Amino acid sequence: MALRPVQVNIKALDSAAVGRFWAEALGWSAYSPGVTTYVGPVGGLVWPDPVLVGIDVVPVPEPKTAAKNRTHLDLATTSAAHQRELVERLQALGASPVDVGQGDVPWTVLADPEGNEFCVLEPREVYRDTGPIAAVVVDCADPRAMARFWGEALDWKLHEVTDDQASLRSAQGVGPYLEFLRTPDVKTVPDRVHLDLLPYPGDDKAAEVARLRALGATDLDLGQGDVPWTCLVDPDGHEFCVLALS
């Protein structure tokens, strides 16, 4: 039994506009099959894809506060010129530079039109085959504990774990990494960005949710009411959802 990350959920006041931004940023397309705006590769809405991690932008009435998101995306580049060109293009699309205390680093920190931080990385060999999203990065207090929980929760392979960081990737070695970085920050507001997980065909969602609870996840009531997905919190306080197979 295991789950797979299938999308990064981003809350936005204007979900259509933020969805268009991310579609342009990643070279993908934005689809609106319902209330939310899904961002995925060009060619049609194929969800859930067993490998791809897409983006689902969900409309909410509350704007982002000044607090830094605890989860963000790192974008991959193939050369120094590509990094420069991508940063320029993203700023033309509405991204803005932000200072999160990064200092003098080789990557560029930007925010999307509603203030969600992300990084445009310098070329790194480890991300040469991830696609446009190099990694989904999560701030946490204890990367080793997160590696244990998420390693059990997912079928992804653990690539690195230290006191300061941990990384996992799909067992097939495709798509982005899931990375955990030690930070001193503590959670003060609900997560604006979180992961959505999905069972594999033939697996039982209720059994998977029960397994996550046994691993240390706790239930989360956001006022979601009677919905087909289940909202949970990992041991470090990050919200995530387990979706239902349709």
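Residues numbered from 1 in each chain as written. Predicted model: local features only at pLDDT ≥ 70, side-chain atom pairs only at ≥ 80, totals over all residues. Heavy atoms only, no water.

Enquirer: Account for the pattern of salt bridges, naming residues and giving values.
Expert: One pass over the full model with this rule turns up 11 salt bridges. The shortest N-O distance in the salt bridge between E117 and K64 comes to 3.2 Å. Here K64 lies in the loop between β4 (54-59) and β5 (71-75) and E117 lies in strand β8 (residues 117-120), a separation of 53 residues in the sequence. Across the pair, exposure class does not vary: E117 and K64 are buried alike. R144 serves as the salt-bridge partner of D163, at 2.7 Å between the closest nitrogen and oxygen. Here R144 lies in helix α3 (residues 143-153) and D163 lies in the loop between β10 (157-161) and β11 (165-169), a separation of 19 residues in the sequence. Judged by its relative accessible area of 44%, D163 is partly exposed. Judged by its relative accessible area of 35%, R144 is partly exposed. (Salt bridge = Lys/Arg side-chain N within 4 Å of Asp/Glu carboxyl O. Helix = DSSP H or I, 4+ residues; strand = E, 2+ residues; numbered from the N terminus. Buried < 20%, exposed > 50% of the residue type's maximum accessible area, 1.4 Å probe, protein only.)

Enquirer: Explain the packing of helix α1 (residues 15-26) against helix α2 (residues 80-93) to me, using residue names and the numbers behind them.
Expert: Packing of α1 against α2 brings their axes to within 10 Å, and their N-to-C directions diverge by 160°. Classed by the angle they form, the pair α1 and α2 counts as roughly antiparallel. When the axes of α1 and α2 are compared, the crossing they make is right-handed. Between α1 and α2, the contacting residues are F21, E24 and A25 on the first element and L86, R89, L90 and L93 on the second. (Axes fitted to C-alpha atoms, helices over the stretch in contact; angles between N-to-C directions. Parallel < 35°, antiparallel > 145°, perpendicular 65-115°, else oblique. Left-handed = near helix turned anticlockwise from the far one by under 90°. Contact = heavy atoms within 4.5 Å.)

Enquirer: Explain the layout of surface pockets residue by residue, including any values.
Expert: Of the pockets and cavities examined, the largest pocket occupies roughly 1,200 Å³. Looking at the largest pocket, it is lined by 46 residues, and the ones nearest its centre are N9, K11, V58, H194 and C241. Every element with two or more residues in the lining of the largest pocket is listed here: β1 (3-12), β4, β13 (193-199) and β16 (239-242). Partitioned by chemical class, the residues of the lining of the largest pocket number 22 nonpolar, 11 polar and 13 charged. Its boundaries defined by the atoms lining it, the second largest pocket holds a volume of some 690 Å³. Breaking the lining of the second largest pocket down by element, the ones donating at least two residues are β5, β8, β9 (133-140), β10, β11 and β12 (177-182). Residues that form the lining of the second largest pocket fall into these classes: 13 nonpolar, seven polar and 10 charged. (1 Å grid on protein atoms, 1.4 Å probe; cavity = no way out; pocket = protein on both sides within 12 Å on 5 of 7 lines; lining within 4 Å. Points joined across faces, edges and corners; volume = space filled by probe spheres on them. Nonpolar A, V, L, I, M, F, W, Y, C, P; charged D, E, K, R; others polar.)

Enquirer: Can you lay out the sheet that holds strand β3 (residues 37-40) for me, pointing to particular residues and giving the numbers?
Expert: Strand order in the open sheet formed by eight strands is β2-β3-β4-β1-β13-β16-β15-β14, and the pairing between neighbours is mixed. Strands at the two margins of the open sheet, each flanked by one partner only, are β2 (29-31) and β14 (218-219). Judged from the three bridges that link them, β2 and β3 form a sheet pairing that is antiparallel. Opposite Y31, over in β3, you have Y38 as the bridge partner. Of the strands in this sheet, β1, β2, β3 and β4 touch α1, which is tilted by about 160° from β4. (Pairing = 2+ DSSP bridges.)

Enquirer: Requested: an account of the pairing of strand β7 (residues 108-111), with residues and values cited.
Expert: Here strand β6 (residues 96-97) pairs with β7 via two bridges, running antiparallel. Pairing of P97 across the sheet is with L110, part of β7. As paired strands, β7 and β8 are joined by four bridges and run antiparallel to one another. Looking across to β8, one finds that L110 is bridged to F118. What sits between the antiparallel neighbours β7 and β8 is a turn of five residues, in which G115 has the positive phi angle 90°.

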